[in-house]
Amino acid sequence: MPPWLAAYFPDGVVGYAVGGVFIGLGVAAIYFGTGIIAGASTFLESTLSYASRLPRFNRGKYLASRDWRVTFTAGIIIGAAVYALTLGPGGWTTQVQPWRLLAGGFLVGVGTRLGKGCTSGHGVCGVGSVSGTSITNVATFMVVAIGTAQVALALGVSP
Amino acid sequence: MSDTDVEPDGRGARFHAVILLGGILFGFGLGVSRMARPEVVLDFLQLQDLGLLFVMGGAAVVSALTFYIGTNVLDRTAPLTGRAYTRRVREMDRNVLVGGTVFGVGWGLSGICPGAAYASVGIGNWPILWAIGGMFLGAYAQGLARSKLAERTAGSEVAGAD
């Protein structure tokens, strides 16, 4: 890698790519076993069906899938814990301020449900399916997110 | 209907075991790739470390290969559910752009997305619960607003029929 390019990858690329391959293998295991194309964000709506009577959250597709989505999410938590306790640095906490997490999380919650997917649904499964809708969504959120992060940086919001 | 990933068909222990295994691999990958760390995502969005491209690229190559094999090579249905192997194709409409934009502002502000946030819990990152709480509130607000909107539309249609 030429030095000018290496400057953009201070932590190399191998760890990132290997992590990505494991994410893909998780999708593959579920797909080959069940035919389900798993995304992470529908868990929000399907889990709300346990607590809310709003008909929107109690549609058949959420009621039918809410149990395995809890299992999937539990698996994600367990998998990350296995990483933290083996290869990883053990536990750590983020320094990003709570208001950013809360406000950003809120917008992510709205946007992912409105836009029919998130970084795993559109970014991994949709792009892997060569879906024009997903590629459009990913391009949109990438550009907007980079712009937002640049504005936050310029305004001195840190961390 | 294009939401082919939502109907579970088969349930039972073996079904959940496969989902759990997939989730574990997925979460392990989010840990290894450091995506469970908002700081690393923000570094990417501030163009200081572009490693995230390789995470998404690595994952998308494996998923592309997976869906290709499922839809073109395996001439059968999934063993645990009897579901046909398909690709993930969603309908394009204005919401895909609006949702992507709102998601982008949230992602750029916080550095978190749903899968990475769940994984972060597994790493003991308790402040991430602010983000997860926010995501549930956002998903609820979105559902509530769309329900009200649908009610109003239905109401005006009835009124118009008089």
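Placed above this text is the structure.
What you see is a predicted model, and the numbers here were worked out from it, not measured in a lab.

Novice: Explanation requested: the overall build of chain A in the structure shown.
Specialist: Secondary structure assignment for chain A yields seven helices and zero strands. Listing each helix as α and each strand as β along chain A from the N terminus yields α-α-α-α-α-α-α. Counting only C-alpha atoms and orienting by the principal axes, one finds that chain A spans roughly 55 × 35 × 35 Å. Within chain A, contacts between residues at least 6 apart in sequence are counted, and of these 48% link residues at least 24 apart.

Novice: It is not clear to me how the packing of aromatic side chains should be interpreted in this structure. Could you clarify?
Specialist: How two aromatic rings sit relative to each other is given by the distance of their centres and the angle of their planes. Applying the stated rule across the entire model yields 14 aromatic pairs over all chains. Measuring from ring centre to ring centre gives 5.5 Å for Phe9 of chain A and Phe54 of chain B, while their planes differ by 85 degrees; the resulting arrangement is edge-to-face. A residue pair is termed interchain when its members come from two chains, as with Phe9 of chain A in the loop between helix H1 (3-6) and helix H2 (14-34) and Phe54 of chain B in helix H3 (residues 52-73). Aromatic rings pair up to connect Tyr31 and Phe32 of chain A together with Phe67 and Tyr85 of chain B into one cluster. Between the NZ or CZ atom of Arg37 of chain B and the centre of the ring of Trp92 of chain A, over which it lies, the distance is 4.3 Å.

Novice: Quick question: what am I supposed to make of the interface of chain A and chain B here?
Specialist: Reports of interface size often rely on the accessible area that becomes lost once the parts have come together. Facing 119 residues of chain A, the contacting portion of chain B comprises 118 residues. Of the roughly 10700 Å² buried where chain A meets chain B, counting both sides, 73% is carbon and sulfur surface. Linking chain A with chain B are two salt bridges. Here Arg34 of chain B and Asp11 of chain A are joined by a salt bridge, their closest N and O atoms 2.7 Å apart.

Novice: What is the right way to look at the pattern of salt bridges in this model?
Specialist: Between side chains of opposite charge, a pair can form when the charged atoms approach closely. Per the counting criterion, the structure on display carries three salt bridges over all chains. The partner of Lys116 of chain A in a salt bridge is Asp93 of chain B, with the nearest N and O atoms 2.8 Å apart. Here Lys116 of chain A, found in the loop between helix H5 (98-114) and helix H6 (121-128), pairs with Asp93 of chain B, found in the loop between H3 and helix H4 (94-110), and the two come from separate chains. Asp93 of chain B gets classed as partly exposed once you look at its relative accessible area, which sits at 29%.

Novice: Looking at this structure, how should I read the packing of H6 of chain A against H3 of chain B?
Specialist: Angle between the axes and distance between the axes are the two parameters that describe a pair of packed helices. Look at H6 of chain A against H3 of chain B: their axes get within 7 Å of each other, and the N-to-C directions meet at 40 degrees. Classified by the angle between their axes, H6 of chain A and H3 of chain B sit oblique to one another. Relative to H3 of chain B, the crossing made by H6 of chain A is right-handed. Taking contact as the criterion, the partners of Gly123, Val124, Cys125, Val127 and Gly128 of chain A in H6 of chain A are, on H3 of chain B, Met56, Ala59, Ala60, Ser63, Ala64 and Phe67 of chain B. Looking at the contact of H6 of chain A with H3 of chain B, its residues break down into eight nonpolar, three polar and no charged.

Novice: What's the story with the side chain of Thr66 of chain B in this structure? I'm lost.
Specialist: With respect to the helices and strands, the residue Thr66 of chain B is situated in helix H3. Contact partners of Thr66 of chain B, with chain neighbours within four places excluded, come to Ala28, Tyr31 and Phe32 of chain A.

Novice: Looking at this model, I keep getting lost on the packing of helix H3 (residues 42-51) of chain A against helix H4 (residues 60-85) of chain A. Mind explaining?
Specialist: Residue and element names in this part refer to chain A. With their axes 8 Å apart at the nearest point, H3 and H4 run at an angle of 115 degrees to one another. Considering the angle they form, H3 stands roughly perpendicular to H4. With respect to the hand of their crossing, H3 and H4 are arranged in left-handed fashion. Across from Thr42, Phe43, Glu45, Ser46, Thr47, Ser49 and Tyr50 in H3, the residues of H4 making contact are Tyr62, Leu63, Ser65, Arg66, Asp67, Arg69, Val70 and Thr73. Grouping the constituent residues of the contact of H3 with H4 by class yields five nonpolar, six polar and four charged.

About the thresholds
- Residues numbered from 1 in each chain as written.
- Chains lettered and ligands numbered in written order.
- Predicted model: local features only at pLDDT ≥ 70, side-chain atom pairs only at ≥ 80, totals over all residues.
- Heavy atoms only, no water.
- Helix = DSSP H or I, 4+ residues; strand = E, 2+ residues; numbered from the N terminus.
- Contact = heavy atoms within 4.5 Å.
- Phe/Tyr/Trp six-rings, centres within 6.5 Å; stacked < 30°, edge-to-face > 60°.
- Lys NZ or Arg CZ within 6 Å of the ring centre and 35° of its normal.
- Buried area = accessible area lost by both parts, 1.4 Å probe.
- Salt bridge = Lys/Arg side-chain N within 4 Å of Asp/Glu carboxyl O.
- Buried < 20%, exposed > 50% of the residue type's maximum accessible area, 1.4 Å probe, protein only.
- Axes fitted to C-alpha atoms, helices over the stretch in contact; angles between N-to-C directions.
- Parallel < 35°, antiparallel > 145°, perpendicular 65-115°, else oblique.
- Left-handed = near helix turned anticlockwise from the far one by under 90°.
- Nonpolar A, V, L, I, M, F, W, Y, C, P; charged D, E, K, R; others polar.

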